[in-house]
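Residue-level structure breakdown
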Amino acid sequence: METFDAIIIGAGPGGLRCATILASHGLKTLVLERKTEVGPKVCAGGIPFHALAKLHVPDDLHEASFPTQIIQSPWQQAKVHFKEPVITTVNRERFAAWQLDEACKAGAIIRTASAVTAISGAHLTTTHGEIAYHSLIGADGSASIVRRHLGLGSQHIGVGINYQLPEPWPAMEWHLDPKRFNSGYAWIFPHRRTTSVGAYACRNDLDASTLHHRLLAWAKIRGIDLSAAKAKAALINFDYQGWNFAPVYLVGDAAGLASGFTGEGIFPAIVSGETVARTILDPCYQPILLTRLLRRQRMHNRLQKFYSGNKVLCQISLEMLVLAIRLKVIGFEVLEMY
Ligand SMILES: Cc1cc2nc3c(=O)[nH]c(=O)nc-3n(C[C@H](O)[C@H](O)[C@H](O)COP(=O)(O)OP(=O)(O)OC[C@H]3O[C@@H](n4cnc5c(N)ncnc54)[C@H](O)[C@@H]3O)c2cc1C
């Protein structure tokens, strides 16, 4: 049977980052991706600006970058200005193409149209046969087969709905509206020539269909015409229960590392992909960045739980949060994972 030092299931941002580091250190590394191409993913593409700088991502992958953030609630608007951009948007297909190139240059083998259908002992069953591994990395998203293999449930799940409109928008906007989105929000994230408009909520508060109706009603009131695009939805796992089950590891959404409050998960996936790779290479590796990110995630998940508890309390306290951001008592960073 074909054997690899490391098999990574899923060629998302977490899996490709992990593959690049492992392969560049000489490990025989295989990435299995069930889709026929690497990249397409329902996503608004927002990522902290300095996170991309840290990864040395080429400038032309920045779709649009924003030093000003607009946070809107039913009663007020906070407009926060920074000297440097705080958030950038990326096109997930173009970003994945760059990551894929990095992984291939490092020596990783990528097999698309290769779904993993079963895991047993130290080997996997795929649509193309059986393969053995020394380390197995589940970077296979919110419905991870590796997570299920480890016996971990997923109680805390968010749902995101995205419309990619065919024209740009002048500003990056966050709309907190508890009557519509409970502890979630609607967003307007401009890209270079398009704009992502969508909504996120915890699935225990709102099911996907209710969230969609409320997003449509919100867009209508705002005068945003969504008819030029198609709604796409996906789940976002924020039920973190660990990542290191050596020789099995979890990365990104498979590990439940997204924020329960904002649904941000690209950067956590990249950080955890890198952490898993460095831990496989050196079991004594200190995961400083991931530990910091986990602290932020705990805070975000507590905020999500608090705001989803009582609707009236949620409305008042979210207004207080926006006021605090307006008065600069709390930094905009409260919404970020980094
Ligand atoms: C509407 C919406 C908007 C979002 N907006 C943002 C945003 O603005 N910013 C942000 O940071 N995050 C956002 N997110 C979250 C973000 O998309 C995810 O957190 C991120 O993609 C997680 O990366 P990952 O590498 O863990 O997994 P994924 O990107 O989900 O990749 C997993 C890969 O595994 C593959 N796979 C799954 N099962 C198998 C299998 N059995 N065999 C082989 N391959 C398999 C999948 O095909 C997929 O390619 C959004 C999510 C949604 C739904």
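Data block above holds the structure.
Here we summarise the structure given alongside this text. Quick caveat, the model's predicted, so the values are computed rather than measured.

1. Some points on the overall build of the protein
A tally of helices and strands in the protein yields nine helices and 18 strands. Its C-alpha radius of gyration of 20 Å places the protein within 12% of the 20 Å reference for a compact globule of 338 residues. Each principal axis of the C-alpha distribution contributes one length, and for the protein these read about 65 × 40 × 40 Å. Residues classed as buried in the protein amount to 49% of the 338 residues present. Taking as baseline every contact in the protein between residues at least 6 positions apart, the subset at least 24 positions apart corresponds to 70%.

2. Points about the packing of helix H1 (residues 13-24) against helix H3 (residues 92-106)
It is the contact of H1 with H3, at a shortest axis distance of 8 Å, that shows an interaxial angle of 20 degrees. Between H1 and H3, the crossing angle belongs to the class labelled roughly parallel. The way H1 lies across H3 gives a crossing that is left-handed. Contacts between H1 and H3 involve Pro13, Leu16, Arg17, Ala19, Thr20, Ala23 and Ser24 from the first element and Ala96, Gln99, Leu100, Glu102, Ala103 and Ala106 from the second. Here the residues of the contact of H1 with H3 sort into eight nonpolar, three polar and two charged.

3. Side note on the environment of Met172
Tracing the backbone shows Met172 in strand E13 (residues 172-175). For Met172, a count of 24 C-beta atoms within 10 Å corresponds to the buried category. Each C-alpha atom, one on Met172 and one on Ser196, is 9.9 Å from the other, the two residues being 24 residues apart in sequence. Setting aside chain neighbours within four positions, we find Met172 in contact with Phe66, Gln69, Ile70, Ile87, Ile188, Phe189 and Pro190.

4. Here we look at the site of the ligand
As a structural note, the neighbourhood of the ligand is formed by 41 residues, with Gly10, Gly12, Gly160, Gly252 and Gly265 the closest of them. Broken down by secondary-structure element, the contributors of at least two residues to the shell around the ligand are H1, strand E3 (46-48), strand E12 (157-165), strand E16 (232-237) and helix H7 (266-281).

5. Side note on the sheet that holds strand E4 (residues 64-66)
One open sheet accounts for three strands, arranged E3-E7-E4; its pairing is antiparallel. Every other strand in the sheet has two partners, leaving E3 and E4 as the edge strands with one partner each. Taking the axes of each pair of neighbouring strands and ignoring which way they run, one obtains an average angle of 30 degrees across the sheet.

6. Section: the nonpolar core
Ranked by internal contacts, the top residues of the largest apolar core, which has 94 residues, are Ile7, Cys18, Ile137 and Val251. At eight residues, H7 tops the list of elements feeding residues into this core. Ignoring sequence-local partners within four residues, the contact set of Cys18 consists of Ile8, Ile137, Ala139, Val251, Gly273, Glu274, Val276 and Ala277.

7. Focus: the packing of H1 against H7
For the pair H1 and H7, interaxial distance at closest approach is 7 Å and the crossing angle is 30 degrees. With respect to their mutual orientation, H1 and H7 come out roughly parallel. The handedness of the crossing between H1 and H7 comes out as right-handed. The residues of H7 that touch H1, namely those facing Pro13, Gly14, Gly15, Arg17, Cys18, Ile21 and Leu22, are Ile266, Ala269, Ile270, Ser272, Gly273, Glu274, Val276, Ala277, Arg278 and Ile280.

8. Description of helix H9 (residues 311-326)
For H9, which comprises 16 residues, the first-to-last C-alpha distance of 22 Å matches the rise-based estimate of 22 Å (1.5 Å per residue) to within 8%. What H9 keeps buried is the set Leu318, Leu321, Val322 and Ile325. Taken around the axis of H9, the buried residues stretch over an arc of 95 degrees, which confines them to a single face. Among the exposed residues of H9, those oriented more than 90 degrees off its buried face are Val312, Leu313 and Ile316. Those residues of H9 that are buried are in contact with strand E5 (68-72), strand E6 (77-81), helix H5 (178-181) and helix H8 (288-309). Count one or two residues on from H9 and you reach Lys328, which has phi positive near 65 degrees.

9. A few points about unusual backbone geometry
Cis peptide bonds are those with omega within 30 degrees of zero, and the linkage from Ala246 to Pro247 qualifies with 10 degrees. By the element assignment, Pro247 lies in the loop between strand E17 (244-245) and strand E18 (248-250).

10. Observations concerning the sheet that holds E6
Strand order in the open sheet made by the seven strands is E6-E5-E13-E14-E15-E12-E16, with mixed pairing throughout. The open sheet has two free edges, formed respectively by E6 and E16, since each of these has just one partner strand. Between one strand axis and the next, the sheet turns by 20 degrees as a mean value, whatever way the strands run. Packed on one face of the sheet, helix H6 (residues 208-222) meets E12, E13, strand E14 (185-190), strand E15 (195-202) and E16 and runs near 40 degrees to E12.

11. Regarding H3
In this model H3 runs 21 Å from its N-terminal to its C-terminal C-alpha over 15 residues, within 8% of the 21 Å that 1.5 Å per residue would give. Residues of H3 that are buried include every one of Phe95, Ala96, Gln99, Leu100, Glu102 and Ala103, and no others. Taken around the axis of H3, the buried residues stretch over an arc of 160 degrees, which confines them to a single face. Those residues of H3 that are exposed and angled more than 90 degrees off the buried face are Asp101 and Lys105. Buried residues in H3 make contact with H1, strand E2 (29-32) and strand E8 (109-111). In the stretch just after H3, Gly107 is the one whose phi turns positive, near 110 degrees.

The rules behind these values
Residues numbered from 1 in each chain as written. Predicted model: local features only at pLDDT ≥ 70, side-chain atom pairs only at ≥ 80, totals over all residues. Helix = DSSP H or I, 4+ residues; strand = E, 2+ residues; numbered from the N terminus. Rg over C-alpha atoms; globule rule 2.2 N^0.38 Å. Buried ≥ 20, exposed ≤ 12 C-beta atoms within 10 Å, placed from the backbone. Contact = placed C-beta atoms within 7 Å. Axes fitted to C-alpha atoms, helices over the stretch in contact; angles between N-to-C directions. Parallel < 35°, antiparallel > 145°, perpendicular 65-115°, else oblique. Left-handed = near helix turned anticlockwise from the far one by under 90°. Nonpolar A, V, L, I, M, F, W, Y, C, P; charged D, E, K, R; others polar. Near = placed C-beta within 6 Å. Pairing = 2+ DSSP bridges. Core = buried A, V, L, I, M, F, W, Y, C linked by C-beta atoms within 7 Å. Expected span 1.5 Å × (residues − 1). Arc of directions from axis to C-beta.

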